[in-house]
Amino acid sequence: MKIILIINPKAKSGQALRYFRSVQKVCDTEGIDYWITKAPGDASSRIQHWCLQNPSDKALFVGVGGDGTMHEVLNGVAGFTNALVACIPAGSGNDFARSFQSFPRSHESIVELSKWNGEMIEQHDSAFYEGIESGWFVNNLGIGFDALVAYSVNKSPLKKWFNRMKIGKLIYVFYLIRHLFTYAPITMEIRVDGKEKSVDNVWFVTVSNQPYYGGGMKIAPNADSRDGELDLTIVHNVSRWKFLAVFISVFKGNHLRFKEVTTRRGKLIHVHSEQTAKIHADGEEAGQLSKENSIQIEVHPQNWTFVRAHKYGS
Ligand SMILES: Nc1ncnc2c1ncn2[C@@H]1O[C@H](COP(=O)(O)OP(=O)(O)OP(=O)(O)O)[C@@H](O)[C@H]1O
């Protein structure tokens, strides 16, 4: 079994790279391979290439970065039975690591990984989305306001500054408030396992495979990546000020008590709108909804293998 660290040098303004430099010698001694990604998308394509070139070998791909890095690792291993996944969280939000027991950023983690004996394996669900763009996600996919916030955060020149001040997670709140007073909610037709409903004044719909997003907000407290279903959270018909209250309550997962928050659960989801809305998958840009297209999201139960750490690290 090969163990390969996938290091995103851009994650949390270089945190992943700094960690890797501190353990590079241990990797060399322990026989752990490493790839430093060269650009967005590089991790997925290199993993796919490795799996195709080595069909009779197995590899454990350890993402060293944030949720964008884990999103790329998952898109790389999808469909390959010779690839497993682990995580050393080194990003700004690290929502993946809140639900999937990851390795701490330590020298010991590298040693533990090198001695890994095939135990601590778990099967988890992921989901495939198809609209203008298509791909896999493992945390959540959002349409509407939350995608707009995610786009702004990803493009923001302020991200470095927030990370340097050690308040990286607050950048989501910053852009939330910025867009709060200008965002125009839209009507969406939402079909869950064949049951369709038209919902007016939707701020956003989030489809979750695990509870967390946006750097620790518990958007779908009941989501479980092993139950073969996706959890929808729909925020609609809410005034701007109440929306702020709803959003603040998401940090603790208390938003479900608001009548403006509807939840549904299912395996196959379609969303359509006559108006445009941005889409994110695991916080990464994933196209947009418009009247010419819809998006379909389908859960694929237990289709990837995770190697968890003995102790939690985030
Ligand atoms: N070599 C690279 N150069 C530029 N961007 C890269 C490179 N490798 C990966 N990326 C991109 O970097 C982006 C950010 O990575 P990631 O999400 O892991 O870190 P983060 O934003 O700090 O953490 P989080 O998503 O947990 O808040 C992702 O969109 C990923 O595709």
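Bear in mind that the values here come from a model prediction, so they are computed numbers and not experimental data.

Some details on the UniProt feature "domain: DAGKc" (unreviewed entry) in the protein
Taken from the UniProt record, the annotation "domain: DAGKc" (unreviewed entry) applies to residues 1-99. For residues 1-99, the helix share is 44%, the strand share is 24%, and the end-to-end C-alpha distance is 25 Å.

Side note on a nonpolar patch on the surface
Among the surface-exposed residues, W161, M165, I167 and L170 lie close enough to one another that they form a single nonpolar patch of about 370 Å² accessible area. Inspection of the secondary structure puts M165 in the loop between α7 (159-164) and α8 (170-180).

Remarks on unusual backbone geometry
Phi is positive for N94, close to 55°, though the residue is something other than glycine. One can find N94 in the loop between β4 (83-89) and α4 (95-99). We classify N94 as buried; its relative accessible area is 10%. The phi dihedral of D193 is positive, around 45°, even though this residue is not glycine.

Re the pattern of salt bridges
One pass over the full model with this rule turns up 9 salt bridges. The residue K2 makes a salt bridge to D33 at a minimum N-O spacing of 3.0 Å. You can see K2 sitting in strand β1 (residues 2-7) and its partner D33 sitting in strand β2 (residues 33-36), a full 31 residues away along the chain. With relative accessibility at 35%, the residue K2 sits in the partly exposed group. By relative accessible area, D33 is classed as partly exposed at 29%. With a closest N to O distance of 3.0 Å, R98 and D95 form a salt bridge. Residue R98 and its partner D95 are located together in helix α4, separated by 3 residues, close to a single helical turn. One network of salt bridges, in which partners are shared, links K242, K259 and E260.

Comments concerning the packing of helix α2 (residues 42-53) against helix α3 (residues 67-77)
Closest axis-to-axis distance for the α2/α3 pair is 7 Å, and the angle between their directions is 25°. Here α2 is positioned roughly parallel relative to α3, judged by the angle of their axes. The handedness of the crossing between α2 and α3 comes out as right-handed. Residue-level inspection shows D42, A43, S44, I47 and Q48 of α2 in contact with α3, the latter providing E72, V73, N75, G76 and V77. In the contact of α2 with α3, the residues fall into 4 nonpolar, 4 polar and 2 charged.

Things to note about the site of the ligand
T37, T69, E72, S92 and E284 are the nearest of the 22 residues found near the ligand. One of the side-chain nitrogen or oxygen atoms of N8 is found 2.9 Å away from an oxygen atom of the ligand. Considering the ligand on its own, with 640 Å² of exposed area, one finds that the protein chains cover 86% of that surface. Considering each element in turn, the shell around the ligand owes the most residues, 4 residues, to α3.

Notes on the pairing of β2
Note: β1 against β2, 4 bridges, orientation parallel. The partner of I6 across the bridge, within β2, is W35. The handedness of the β1 to β2 crossover, carried by helix α1 (residues 15-30), is right-handed.

Quick notes on the rules
- Residues numbered from 1 in each chain as written.
- Predicted model: local features only at pLDDT ≥ 70, side-chain atom pairs only at ≥ 80, totals over all residues.
- Heavy atoms only, no water.
- UniProt positions renumbered as here; feature names shortened; annotations may be inferred.
- Helix = DSSP H or I, 4+ residues; strand = E, 2+ residues; numbered from the N terminus.
- Patch = residues over 30% accessible without salt bridge, like charges linked within 9 Å, V, L, I, M, F, W, Y side chains within 5 Å.
- Areas by Shrake-Rupley, 256 points an atom, 1.4 Å probe, with all protein chains shown as cover.
- Salt bridge = Lys/Arg side-chain N within 4 Å of Asp/Glu carboxyl O.
- Buried < 20%, exposed > 50% of the residue type's maximum accessible area, 1.4 Å probe, protein only.
- Axes fitted to C-alpha atoms, helices over the stretch in contact; angles between N-to-C directions.
- Parallel < 35°, antiparallel > 145°, perpendicular 65-115°, else oblique.
- Left-handed = near helix turned anticlockwise from the far one by under 90°.
- Contact = heavy atoms within 4.5 Å.
- Nonpolar A, V, L, I, M, F, W, Y, C, P; charged D, E, K, R; others polar.
- Near = heavy atom within 4 Å.
- Polar contact = N/O pair within 3.5 Å; in protein donor to acceptor, adjacent residues only side chain to side chain.
- Pairing = 2+ DSSP bridges.
- Right-handed = clockwise from strand over helix to strand, strands pointing away.

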